[in-house]
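# Residue-level structural notes
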Amino acid sequence: MTGLPASDGHYGEDLFEPEHPQESERIDAAALIYDPVTTGRLRALGPRPGGRCLEVGAGTGTVARWLLQEAGAAEVVALDRDTGGLGGLRDSRLRVITADLRDEGLDPGTFDLIHARFVLMHLPERRRLVTRLARWLNPGGWLVLGDAVEVPNPLDTSSAYRRTMDAMWQALRSTIGTDTSEIPAYPHFLREEGLRDVAAELVCPPLVPDGPLARFWSETWNRMRPALEETGRVDSTVIDEALAQLASPTLAELGPGMLMAWGRRA
């Protein structure tokens, strides 16, 4: 996606509006797949019982709920530009902040754990925001970042699936500025911020017919149809073929992975 012009559009405004009747369902389909990966890593890092946690891009609150109920956080701050999906999460230890992470006046305090998943990839200021998040860490606190990384099959450049996936990344960049090209550099960013015990992992969950991840991509592509066709890479016939592939028992594709990088404030 490098070399393509980025847009000044916004996630949740120009694409994936939170008021869409299927948006929570779309987010939760991805959460079914990625939450076990995320919480497994957070558990391994050992968030302090009684600690203060910041969940950036809280969505429908699945990770915030885990931090409250399983990790024993004393307080969880759930930050999102739209917090309507958190209405069902009730806990006296939960503090909800409806705000843009890029807001220079935002000052939520300091934290023992900060987690952001599938957030920075949509924000052109991601490098500056990594600096901001690192500054909000308490001594000994962890910053954990997770974003998408494409793992293309070099032997497949023309299938309906591949063409639609490539069109999606182009459309996301031109519409809302999404860019995954810097994500493999996250460990270096964390090291540059002076964090210690920096490490990373790449997880590619199975993409199985009609599974939660296939449903996520199906809903995503259906919602993006006009933007996909505007790229000139695909037309409605190709998109329909790709959607049918996601439901077919012959599905044999490697979906985008999630790179998680983490580091600890000394």
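One structure accompanies this document, and this report is about it.

Reading the values: rules and limits
Residues numbered from 1 in each chain as written. Predicted model: local features only at pLDDT ≥ 70, side-chain atom pairs only at ≥ 80, totals over all residues. Heavy atoms only, no water. Buried < 20%, exposed > 50% of the residue type's maximum accessible area, 1.4 Å probe, protein only. Helix = DSSP H or I, 4+ residues; strand = E, 2+ residues; numbered from the N terminus. Pairing = 2+ DSSP bridges. Right-handed = clockwise from strand over helix to strand, strands pointing away. Axes fitted to C-alpha atoms, helices over the stretch in contact; angles between N-to-C directions.

Time to look at the pairing of strand 1 (residues 52-56). In terms of residue burial, strand 1 counts as a mostly covered element, since 5 of its 5 residues are buried. Burial of the side chains of strand 1 extends over both faces: Arg 52, Leu 54 and Val 56 are buried on one face and Cys 53 and Glu 55 on the other. Of the pairings in the sheet, the one linking strand 1 to strand 2 (residues 75-80) comprises 5 bridges and is parallel in character. Counted as the bridge partner of Leu 54 is Val 77 from strand 2. The handedness of the strand 1 to strand 2 crossover, carried by helix 2 (residues 62-69), is right-handed. Note: strand 1 against strand 4 (residues 111-117), 4 bridges, orientation parallel. Directly across from Val 56, in strand 4, lies its bridge partner Ala 116.

We now examine the sheet that holds strand 4. Here we have 7 strands laid out as an open sheet, ordered 3-2-1-4-5-7-6, and mixed in their pairing. Among the strands making up the open sheet, the edge pair consists of strand 3 (94-98) and strand 6 (196-203). Geometrically, the sheet is characterised by an average inter-axis angle of 15° between neighbouring strands, direction not taken into account. Pairing of strand 4 with strand 5 (residues 137-149) involves 6 bridges; the strand directions are parallel.

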